[in-house]
Every structure is written in structure tokens, then in C-alpha cells.
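Descriptive structure summary
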Amino acid sequence: MWRELAPVGRHEGTGGYRRFAWTAADTECRAWFERQARGRGLDVEVDRNGNQWAWLGDPALGDAVVAGSHLDSVPDGGAFDGPLGVVSAFAALDELRARGARLDRPLGIVNFGDEEGARFGLACVGSRLAAGQLTPAAAHRLTDADGITLPQAMAAAGHDPDAIGADRERLDRIGAFVELHVEQGRALDLSGDPVGVASAIWPHGRWRFDFRGEANHAGTTRLADRRDPMLPYAESVLAARREARLAGAVATFGKIAVEPNGVNAVPSLVRGWLDSRAADQATLDTVVGGVERAAREYADAHGVDLDVVRESFTPVVEFDDALRDELARVLGRDTGLTVPVLGTGAGHDAGILSAALPTAMLFVRNPTGVSHSPAESATEDDCVAGVLALADVLEGLARK
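Keep in mind that what you see is a predicted model, and the values were worked out from it rather than measured. (Residues numbered from 1 in each chain as written. Predicted model: local features only at pLDDT ≥ 70, side-chain atom pairs only at ≥ 80, totals over all residues. Heavy atoms only, no water.)

Quick word on the packing of aromatic side chains
- Tallied over the entire structure, the rule returns 10 aromatic pairs.
- With a centroid separation of 6.0 Å and an interplanar angle of 80°, the aromatic rings of Trp32 and Phe90 are classed as edge-to-face. Remark: Phe90 occurs in helix H3 (residues 83-99) and Trp32 occurs in helix H2 (residues 24-39); sequence separation between them is 58 residues.
- Centre to centre, the rings of Phe209 and Phe253 are 5.4 Å apart; their planes meet at 80°, and the pair counts as edge-to-face. Taken together, the residues Phe209 in strand S7 (residues 204-212) and Phe253 in strand S9 (residues 250-259) connect sequence positions 44 residues apart. Of the two residues, Phe209 and Phe253, neither departs from the other in class, the shared state being buried.
- Aromatic rings pair up to connect Trp53, Trp55, Phe112 and Phe177 into one cluster. (Phe/Tyr/Trp six-rings, centres within 6.5 Å; stacked < 30°, edge-to-face > 60°. Helix = DSSP H or I, 4+ residues; strand = E, 2+ residues; numbered from the N terminus. Buried < 20%, exposed > 50% of the residue type's maximum accessible area, 1.4 Å probe, protein only.)

What follows is the structure in C-alpha cells.
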């Protein structure tokens, strides 16, 4: 499975993946999912929001157990973020069948659409729509860098954009969702454990900072006469690092757009996107508030206007206590060892769905800790350990 999926959407120059929602690479990934599912005799369906589901048993019976993740990527992302969860779900099913395991509840495998938000700027679009956390009207306003709207992209890929929306009936059929994911950090590497259980997802969001100045000639405009928005933007980047360090949080300006974007022109507009995450809401508010105050001071000093817009936000997610404890119990049953329980600053579909149904996450060790990069990695032994752990969990949950 891994070898067949690996070439899809990989850029020859960078070695990273560019599997963006509703593109040709995304279509190839979806075809791969359907082949894997039908090859195992599973029933395949695509829901109103473009999420793919593969079923062993009838989900209409309710109390289903579901595993999976996503197949899309960030720009030049790694191979493991998302796909490891989907591949491992199919492999766990293979393991359960090899064991002759008795499954009393329907078992599902899911590929959620547009989890990374790389194309339209909002993460977890597929799961947000299903959970009712993103309205169809708001989704229809999403636009990519080329001016293509989400409805246009969906229609071009053969999906009806007018059908999108909350899917309460489908989610009500699910008794538990377990998402396996490569760890995006080094906690497991430092503890020496191949697999861990998630406790919570930090609150996090994305804010757009629009610095508006005045375009002018780079060679003839005196420094004293300039209203250069690049200067307060640059100072705001440093402020984000400072505020995050002081608060024990993280803050990153990772994307920028400049107009008119000429080498010999003073910019008229610098638009930067801030991503910030913290262990609790109060700390996150402190960091973002500090960055915004500093940005406004810098903008005023340079005669530049500033607008700040919160484009997305996810509050702290505490995973279902009973389900998390059950995962830890199952994984420690044969060894008697305590399974590491980890918090994470990364958002996931399991976090979005946690408000609608019991969800949990398994992490597989990442020896470098690097993620959202071609350097993202996991050893084959640890991936196998993840599959076996997921199989144990699914077997335990699917037996009455």
C-alpha cells in the first residue's frame, strides 16, 4: 500500500508532497482509497462533503467503530502526516482478519477531505462541514490563490457543491473514532516508546495581518518619505517569536503575500498569516494579543494602516476520557507497561469531531520530530507497532 501511494503528488524537485484538495493528485489519492477498500470487499461511499468511507458491516446498525485520517498534504509536506493513519487502518483490518477476530459492530475506514487547508486556507474542511462547524455559505466563500472557489473546485472534480453541509445522521451512527497519526514532535522519541495516546489538542488559530502602506519607487523615494508596510511586518514577526517564548507557546508567521511584489518597488500591501497555539486559552489570548499590540505600534510608527482578521480558530480539545483510558488499557494489557499520554499542538479531524462523538488518537514515534516537511519520518518497525496497536484497539472497541 505504501509503495503504491508514495509517488502520488510528490514533487520531483523538493521531494515533498503537493496533494491539495480537489486537484489531480487528490483525485489519484481518492482512487487509491477506493481500490484498497473494494479489494477488501468493503462497501465504499462518498458523503455529501466529499469524505470517503469504507465499511465492513452496515453502518446503519449504529455504534460503529471508525479509523482513518486524511490523504491531502501541506505544500511540500511529508509522506506520513495523514496517509499513515489511512494506510494503518487498512493494515489493521488485514491484521484483524488474519487473527480471525470477532467484530460485533460495524467497522469503518475514512479519508477526510481537505484536512490541511493548503488550498483554501481553512483546515479540516471535510470534518468541519460534517460536524456543522462550517456552514455551507462560509464554505462557498472559500477561495484559493488563483481565485477558484471551493464550489468551482468541487464541481470540476465531479462533486456536487450544493449538497455540502452538516451530516448529523451519519455521525450519529459512529460510536467511536480513532485516528492514528505520526507524532509531530519528539516526545515519544525522548521517552523511548513507539506508540502513545493523545490527551488533548491545544487551542489554536490563524490570524491575517494586513499592513497597508504606499507603493513607490525603491530607488528614488527617500527613506523618510516612505510608508513601507514591510517594516512593521518584519518587526511583527520578531514580536511573535518574543511573545511565544515568554508565554511558553508557539507563534509563526509562515505565509506572506506582497503587492505589487516588485524588486524595485516599495510595497503597498504586506499580508502575513499568523499561526499560534498554546496549552490553554488564556495563554493563547496573551500571545496573540501581544503580537497585535506590537504590530499596531510598529504600523503607527511607520505611517502604515493595519487590519487584523481571525480566519479560523479551534478551542482546546479534551479527548473523551473513557475512550482514551480504554486505549491505554488495551495497549498496556499484555505488557503491563504504562502507555505515554501526550498533548499536542497540531489540529486533527479527531479534534473537530470530538464535539459530536467520542474520539481518540494514537501517535506513532517520529525520530526527528520534523513534520510538514519532506524530512518527516517513521521507522517501519514503529509503523508496524502502530498497526498492531490500532488493531488491538479496534478489536476491543468492536466487540460487545
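A few points about empty space enclosed by the protein
- Evaluation of the coordinates by the stated rule reveals 3 cavities of 30 Å³ or more.
- Each pocket or cavity is described by its volume, and for the largest cavity that value is around 50 Å³.
- Every element with two or more residues in the lining of the largest cavity is listed here: helix H4 (125-131) and helix H6 (150-156).
- Top element by residues in the lining of the largest cavity is H4. It accounts for 3 residues. (1 Å grid on protein atoms, 1.4 Å probe; cavity = no way out; pocket = protein on both sides within 12 Å on 5 of 7 lines; lining within 4 Å. Points joined across faces, edges and corners; volume = space filled by probe spheres on them.)

Structural notes on the nonpolar core
- Core analysis: the largest hydrophobic core is formed by 51 residues, its most contacted members being Leu362 and Leu390.
- Every residue in contact with Leu362, bar those within four places of it in the chain, is listed here: Val178, Glu179, Leu180, His181, Val195, Gly196, Val197, Leu327, Leu331, Ala389, Leu390 and Val393. (Core = buried A, V, L, I, M, F, W, Y, C linked by side-chain atoms within 4.5 Å. Contact = heavy atoms within 4.5 Å.)

Details of the pattern of salt bridges
- All told, the structure shown has 29 salt bridges when counted by the stated rule.
- With a shortest N-O distance of 3.5 Å, Arg173 and Glu169 are connected by a salt bridge.
- Note that Asp382 and Arg365 form a salt bridge whose closest N and O atoms lie 2.7 Å from each other. A residue pair is termed long-range when its members are at least 10 positions apart, and Asp382 in helix H13 (residues 380-398) and Arg365 in the loop between strand S15 (359-364) and H13 qualify at 17 residues.
- Each member of the salt-bridge network shares a partner with another, and the members are Arg208, Asp210, Arg212, Arg271, Asp307 and Glu311. (Salt bridge = Lys/Arg side-chain N within 4 Å of Asp/Glu carboxyl O.)

Structural notes on the UniProt feature "binding site: allantoate" (unreviewed entry) in the protein
- Annotation from UniProt places "binding site: allantoate" (unreviewed entry) at Arg206, Asn264 and Arg277. These annotated residues cover 72 residues of sequence, and their C-alpha atoms reach 36.2 Å apart at the extremes, leaving them scattered rather than at a single site.
- If you trace the backbone, Arg206 turns up in strand S7.
- Filtering out sequence-adjacent residues up to four positions away, Arg206 remains in contact with Glu116, Gly117, Gly121, Leu122, Ala123, Leu274, Asp275, Val309, Arg310, Glu311 and Ser312.
- With relative accessibility at 17%, the residue Arg277 sits in the buried group.
- In contact with Arg277, not counting residues within four places along its chain, are Trp202, Pro203, His204, Ala249, Val250, Leu284, Gly345, Ala346 and Gly347. (UniProt positions renumbered as here; feature names shortened; annotations may be inferred.)

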